[in-house]
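# Secondary and tertiary structure notes
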Protein chains: 2
Amino acid sequence: MPKSREIHLTKRPSGMPTEGDFALVERDSADAADGEVLVQNLYMSVDPAMRPRLTAGQELNEAMMGGALGRVVQSKSDAFGVGDLVSNRMGFREYFTSDGKGLTKLNPDPDLSLTVHMHALGMTGFTAYGGLLHIGQLKEGEQVFVSTAAGAVGSVAAQIAKIKGCYVVGSTGSEDKARWLRDEVGLDAVIDYKVTPIRKALQEATPKGIDVYFDNVGGDHLEAALRRMNTLGRIAVCGFISGYNSGHSPVSNLSNIIYSRVMLRGFVGTDFMHLYGDFQRDMTGWLKDGRVKYQETILDGIAAAPQALIGLLQGANSGKMLVKLAE
Amino acid sequence: MPKSREIHLTKRPSGMPTEGDFALVERDSADAADGEVLVQNLYMSVDPAMRPRLTAGQELNEAMMGGALGRVVQSKSDAFGVGDLVSNRMGFREYFTSDGKGLTKLNPDPDLSLTVHMHALGMTGFTAYGGLLHIGQLKEGEQVFVSTAAGAVGSVAAQIAKIKGCYVVGSTGSEDKARWLRDEVGLDAVIDYKVTPIRKALQEATPKGIDVYFDNVGGDHLEAALRRMNTLGRIAVCGFISGYNSGHSPVSNLSNIIYSRVMLRGFVGTDFMHLYGDFQRDMTGWLKDGRVKYQETILDGIAAAPQALIGLLQGANSGKMLVKLAE
């Protein structure tokens, strides 16, 4: 019966969360009962979409939920053996027992790093893939804009658009990230919105307008994109990170969707699970060929999880933000 | 060579247009040259979408454009004979010559009034039909909200939704219109937003939320609907009449499209012309069966056209606003 440390939300943050909104709690983890497994988490994922759940959705004084990758350390289940790797939604804790519901066995590709299964080759990458191809209905050679293009989802979306022969503009908020997008990823135009206001920068960067906008930001980025949308353009709305802490700013020019007959659609990855097989095949190939690049920021130990989430919301990460919980 | 009177836009209105923004101009109409026809307009259509064109799109000191129904009075064309009825986009004038481009020969149904071809059985009705079924992807039995439900487009949309077995809520801005929607059309719930604020009224009228919102209004109606959208709901955006005169008010809760994975899509009727045959067959049947009811407000004479447009924008019409130009 191992000790398990976990992160609780103890206070709903107003604005940017602080470490005082969370507590590290140590508990005795139960052993696996009949039909159950005991899982030790190795890595946990930290995602922007966790912020809205702090305001509503996440129970107070319970372990937070989130994507994680664990290893079965005890098994009284026919479905899993000791040593199996399992994707789960029980992040923010070191150990947990499960009857197997919500666990997905992972057979990692030996030619790829284990952590890539938690981002580019996991739900993060799938969100980008389906958001761009299914929700955004991307066609070869179109004009594409991706916000937070250096982020875990945005960087995959931007690179898939490049693979599909599109002209791709990405926005980001630091010189380092802009440089990575320009020099390593090879986007056609990169906007550092902290240097040039997004509206002006986007107008200059999109001489042929925008056919597909993959939106992670909302607010001023969405307004700037609405001004540039081409007729029958599509906006795949993955997130509105600009409003998660400060409240969402109103969108003043939504009427442009009438004149240009634009579609906006909010989505989550589970809206297009029928594409998961295609995604795994395509993305495995792109990663092995080096056509999809990625960055990771990995913090160490469960105690660092609140700091990882706060850092993510402040843009302190490069690429996917993970916390390593065990070897 | 008849005299033709026509309406020019002489000044771009700020806010609600006034009669002083328009001028009635008399011109000599040319006779039909070889390959041409001379058309006398019988009826012209007045539509909310004309308002944005007064701000940008409509040339100053030229005859305004708009849908009309005319009769060929001279023909030197093989395609049209004298007496043919033709739909055209050359409203706001009594006579015009044409080489036939942009004219569509109309074979009116003898069992229906001629004017119905200018609304329920014309582009107005088609906009409602395709907006609801194609853009809104309406399914039998869903929860539906239609704004300006007593208007020319809205009333058709609301009735098609009823025919498809849906629970239908309509909003309107007068007691007379609310009564017509309740007693004649038979909607499940009718909101008079001048009596009860739209947000409160819509919450009460949609206990099972909203699957499809057919939006003609934008602004506060759209915000109220966004609060009530069900998961994977669709918003077919036909117009934002609330902002046409006063400027569009910002939408503060667009983030709801993420949490409920909602689609918003702006459209015009020409986006789904492949459905026109289906529409004509369905709508002809529904009109003959009395399953689609309509109202008309018909003003008399070209000089009344500015007043007709202003009245429409002020909600003075019941149903389709037309101007009769000749017998």
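Residues numbered from 1 in each chain as written. Chains lettered and ligands numbered in written order. Predicted model: local features only at pLDDT ≥ 70, side-chain atom pairs only at ≥ 80, totals over all residues.

## Focus: the overall build of chain A
- When helices and strands are counted, chain A shows nine helices and 15 strands.
- Its C-alpha atoms give chain A a radius of gyration of 20 Å, near enough to 20 Å, the size a compact globule of 327 residues would have.
- Projecting the C-alpha coordinates of chain A onto the three principal axes gives extents of approximately 60 × 40 × 35 Å.
- A total of 327 residues make up chain A; the buried ones form 51% of that total.
- A fraction of 65% describes how many contacts in chain A between residues 6 or more apart in sequence connect residues 24 or more apart. (Helix = DSSP H or I, 4+ residues; strand = E, 2+ residues; numbered from the N terminus. Rg over C-alpha atoms; globule rule 2.2 N^0.38 Å. Buried ≥ 20, exposed ≤ 12 C-beta atoms within 10 Å, placed from the backbone. Contact = placed C-beta atoms within 7 Å.)

## A closer look at the nonpolar core
- Counting 211 residues, the largest nonpolar core has Leu132 of chain A together with Leu132 of chain B as the members making the most contacts within it.
- Ignoring sequence-local partners within four residues, the contact set of leucine 132 of chain A consists of Leu138, Ala157, Ile160, Ala161, Val212, Phe214 and Ala236 of chain A. (Core = buried A, V, L, I, M, F, W, Y, C linked by C-beta atoms within 7 Å.)

## Comments concerning the packing of helix α2 (residues 123-135) of chain B against helix α8 (residues 276-288) of chain B
Residue and element names in this part refer to chain B.
- Two elements in contact, α2 and α8, have axes whose closest approach is 10 Å; the angle formed by their N-to-C orientations is 105 degrees. By the angle between their directions, the pair α2 and α8 is classed as roughly perpendicular. Together, Gly125, Phe126 and Tyr129 of α2 and Tyr276, Phe279 and Met283 of α8 make up the contact between the two elements.
- Of the residues assigned to the contact of α2 with α8, the class counts are five nonpolar, one polar and no charged. (Axes fitted to C-alpha atoms, helices over the stretch in contact; angles between N-to-C directions. Parallel < 35°, antiparallel > 145°, perpendicular 65-115°, else oblique. Nonpolar A, V, L, I, M, F, W, Y, C, P; charged D, E, K, R; others polar.)

## Quick notes on the interface of chain B and chain A
- Facing 23 residues of chain B, the contacting portion of chain A comprises 23 residues.
- Looking at the side of chain B that touches chain A element by element, the count peaks at four residues for strand β13 (residues 263-266) of chain B.
- Pairing geometry for strand β13 (residues 263-266) of chain A and β13 of chain B, over three bridges, is antiparallel. The residue of β13 of chain B that forms the bridge with methionine 263 of chain A is arginine 265 of chain B. (Pairing = 2+ DSSP bridges.)

## Re helix α6 (residues 219-228) of chain A
Residues and elements named next belong to chain A.
- Among the 10 residues that make up α6, eight are buried, leaving the element largely enclosed by the rest of the structure.
- Burial in α6 covers these residues: Gly219, His221, Leu222, Glu223, Ala224, Ala225, Leu226 and Arg228.
- Buried residues in α6 make contact with β8 (143-146), β9 (167-172), α5 (198-205), β11 (210-215), β12 (229-237) and α7 (256-259).

## Overview of the sheet that holds strand β10 (residues 189-192) of chain B
- With mixed pairing, the 12 strands of this open sheet are ordered in space as β10(A)-β9(A)-β8(A)-β11(A)-β12(A)-β13(A)-β13(B)-β12(B)-β11(B)-β8(B)-β9(B)-β10(B). The open sheet has two edge strands, β10 (189-192) of chain A together with β10 of chain B, and neither has a second partner. Strand-to-strand twist in this sheet, taken as the mean axis angle between neighbours without regard to direction, amounts to 15 degrees.
- With five bridges connecting them, β11 of chain A and β12 of chain A associate as parallel partners. Across the sheet, the residue bridging to valine 212 of chain A is arginine 234 of chain A, located in β12 of chain A.

## Section: the relation of the copies chain B and chain A
- For these two chains of identical sequence, chain B goes onto chain A by a turn of 180 degrees and a shift of 0.0 Å along the axis, with RMSD 0.0 Å. Both chain copies can therefore be described as sitting about a two-fold axis.
- An overlap of 100% is found between the interface residues of chain B and their copies at the interface of chain A, pointing to a shared contact surface. (Least-squares fit on C-alpha atoms with pLDDT ≥ 70 in both.)

## What about the pairing of β13 of chain B?
Residue and element names in this part refer to chain B.
- Of the two faces of β13, both are covered, the one formed by Met263 and Arg265 as well as the one formed by Leu264 and Gly266.
- One ladder, built from four bridges, connects strand β12 (residues 229-237) with β13; its direction is parallel. The partner of arginine 234 across the bridge, within β13, is methionine 263.

## Looking at the domain arrangement of chain A
Residue and element names in this part refer to chain A.
- What the domain assignment lists for chain A is domain 1 (3-118 + 297-324) and domain 2 (124-271).
- Computed from C-alpha coordinates alone, the two centres of domain 1 and domain 2 are separated by 29 Å.
- With 11 residues of domain 1 at the interface, the matching set in domain 2 holds 12 residues.
- Looking at side-chain class alone, the side of domain 1 that touches domain 2 contains five nonpolar, four polar and two charged residues. (Domains from an automatic or database assignment.)

## As for the environment of proline 13 of chain B
- Position of proline 13 of chain B among the secondary structure elements: in the loop between β1 (3-9) and β2 (22-28).
- Remark: the alpha-carbon pair of proline 13 of chain B and glycine 35 of chain B, spanning 22 residues in sequence, is separated by 38 Å.

## A word on the pairing of β10 of chain A
Residues and elements named next belong to chain A.
- One ladder, built from four bridges, connects β9 with β10; its direction is parallel. Note that in β10 the partner of threonine 172 across the bridge is aspartate 192.
- Each parallel crossover has a hand, and for β9 linked through helix α4 (residues 175-185) to β10 it is right-handed. (Right-handed = clockwise from strand over helix to strand, strands pointing away.)

## Thoughts on the confidence of the model for chain A
- Here chain A averages 96 in pLDDT, and 100% of its residues register 70 or above.
- Overall fold confidence for the complex sits at a pTM of 0.92, while the interface term, ipTM, reaches 0.89. (pLDDT = per-residue confidence, 0-100.)

## Observations concerning the environment of glycine 186 of chain A
- Looking at where glycine 186 of chain A falls in the secondary structure, it is placed in the loop between α4 and β10.
- Each C-alpha atom, one on glycine 186 of chain A and one on valine 86 of chain A, is 34 Å from the other, the two residues being 100 residues apart in sequence.

## Observations regarding α5 of chain A
All names here are of chain A.
- Among all positions of α5, only Ile198, Leu202 and Ala205 are buried. Within α5, the buried residues cover an arc of 65 degrees as seen down the axis, which keeps them to one side. Those residues of α5 that are exposed and aimed more than 90 degrees away from the buried face are Lys200 and Glu204. (Arc of directions from axis to C-beta.)

## A look at the environment of arginine 234 of chain A
- Considering the arrangement of structural elements, one finds arginine 234 of chain A in strand β12.
- Expressed as a C-alpha distance, the spacing of arginine 234 of chain A and methionine 263 of chain A, which sit 29 residues apart in the sequence, is 4.8 Å.

## As for unusual backbone geometry
Residues and elements named next belong to chain B.
- The phi dihedral of asparagine 61 falls on the positive side, at around 60 degrees, and the residue is not glycine.
- Within the secondary structure, asparagine 61 is located in the loop between α1 (50-55) and β4 (68-75).
- Non-glycine residue glutamine 137 carries a positive phi angle of around 50 degrees.
- Positionally, glutamine 137 belongs in the loop between α2 and β8 (143-146).
- The class for glutamine 137 is partly exposed, based on 15 C-beta atoms found within 10 Å.

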